[in-house]
Amino acid sequence: MALADFSNAIQLDPANPLTWKLRGAVYYRLEHYQKAISDLTKAIELDSSKPEPYLYRGNAYGEMDMFSNAIADFNRAREAENGDYFENLKQAHKAILEGDFQTALARTTSATDERPTDSIAHTYRGIALHAIGRFSQALAAFNKADAIDPNNPAIMFNRGLSNLAYSLPADAVSDFSAALSIDPSLRVALKHRAIAYDQLGMAIEAEADRKMSE
């Protein structure tokens, strides 16, 4: 559609954010950056949930050397694209470090709802569930994380902790061994694997792990 077509569409339905965005995009391509900013601002006023108007407006600001405005719009585009996902992850991590695991669980549950294919959210959720003693659910969370990112030693280590707490020492040994095979520097896994070996009656292996972990 030509610029005139979008202008006619706006006259017919001035409350439609799509036509404001599309005309703003045309203005941008024509290098009429101030007009593009005006139209894209109107599109955002009508619907602030879409990332594209922020991206176009950010580019227009950049062409006009208004770089702080451009960066702000690019950040808004990212937030519109991802919802509260990154904020939930950030707050979940902070809550875990502070030992506030109920808050971490709430944040990670929201994050996994928004991004079910992101292993980090599932891993954080597993850590929170483990910390409040919900070991079977923690294992389920770590299994989801592992299915998404199968070569992550941190996931394997944390799942090993939950297997150990859930009285599954053989599975714990498997997880700690897998984590160590990927990251031999993860010496803390040796200490926990030794505990799992003890529970399995494998005293020689347990003692060997304790010596290696020193």
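You'll find the structure just up there.
What counts, and where the lines are drawn
Residues numbered from 1 in each chain as written. Predicted model: local features only at pLDDT ≥ 70, side-chain atom pairs only at ≥ 80, totals over all residues. Heavy atoms only, no water. Core = buried A, V, L, I, M, F, W, Y, C linked by side-chain atoms within 4.5 Å. Buried < 20%, exposed > 50% of the residue type's maximum accessible area, 1.4 Å probe, protein only. Helix = DSSP H or I, 4+ residues; strand = E, 2+ residues; numbered from the N terminus. Contact = heavy atoms within 4.5 Å. Patch = residues over 30% accessible without salt bridge, like charges linked within 9 Å, V, L, I, M, F, W, Y side chains within 5 Å. Areas by Shrake-Rupley, 256 points an atom, 1.4 Å probe, with all protein chains shown as cover. Salt bridge = Lys/Arg side-chain N within 4 Å of Asp/Glu carboxyl O. Lys, Arg positive; Asp, Glu negative; His and termini not counted. Charge placed at Lys NZ, Arg CZ, Asp CG, Glu CD. Axes fitted to C-alpha atoms, helices over the stretch in contact; angles between N-to-C directions. Parallel < 35°, antiparallel > 145°, perpendicular 65-115°, else oblique. Left-handed = near helix turned anticlockwise from the far one by under 90°. Nonpolar A, V, L, I, M, F, W, Y, C, P; charged D, E, K, R; others polar.

Asker: How would you summarise the nonpolar core if you had to cite specific residues and measurements?
Answerer: A general tendency of soluble globular proteins is for nonpolar side chains to be buried together. In this structure, Phe157, Phe176, Leu186 and Ala189 are the most contacted members of the largest nonpolar core, which totals 16 residues. Elements with a minimum of two residues in this core: α10 (153–165), α11 (169–182) and α12 (188–199). Apart from residues lying up to four places away in sequence, phenylalanine 176 is in contact with Phe157, Gly160, Leu161, Leu164, Ala189, His192 and Arg193. The next biggest cluster of nonpolar side chains, apart from the first, holds 15 residues, and it includes Ala104, Ala111, Tyr124 and Ala138.

Asker: Explain a negative patch on the surface to me, and be specific about the residues and the numbers.
Answerer: A surface patch of negative charge is lined by Glu79, Asp84, Asp113 and Glu114. Residue placement: glutamate 79 occurs in helix α5 (residues 67–82). Looking at glutamate 79, the relative accessible area reads 47%, which means it is partly exposed.

Asker: Any chance you could break down unusual backbone geometry for me, citing the residues and the numbers?
Answerer: With a phi angle near 65°, glutamate 31 is a residue other than glycine that sits in the positive phi range. Relative to the elements of secondary structure, glutamate 31 occurs in the loop between α2 (17–29) and α3 (33–46). Positive phi outside glycine occurs at serine 167, with the angle close to 60°. Residue placement: serine 167 occurs in the loop between α10 and α11.

Asker: Any chance you could break down the packing of α2 against helix α4 (residues 51–63) for me, citing the residues and the numbers?
Answerer: One can describe the packing of α2 onto α4 by two numbers: an axis separation of 10 Å at closest approach and a directional angle of 25°. Judged on the interaxial angle alone, α4 and α2 are roughly parallel. Judged by the twist between their axes, the crossing of α2 over α4 is left-handed. Residues Lys21, Ala25, Tyr28 and Arg29 of α2 form the contact with α4, whose participating residues are Glu52, Pro53, Tyr56, Asn59, Ala60 and Glu63. Each residue belonging to the contact of α2 with α4 can be placed in one class, and the counts come to 5 nonpolar, 1 polar and 4 charged.

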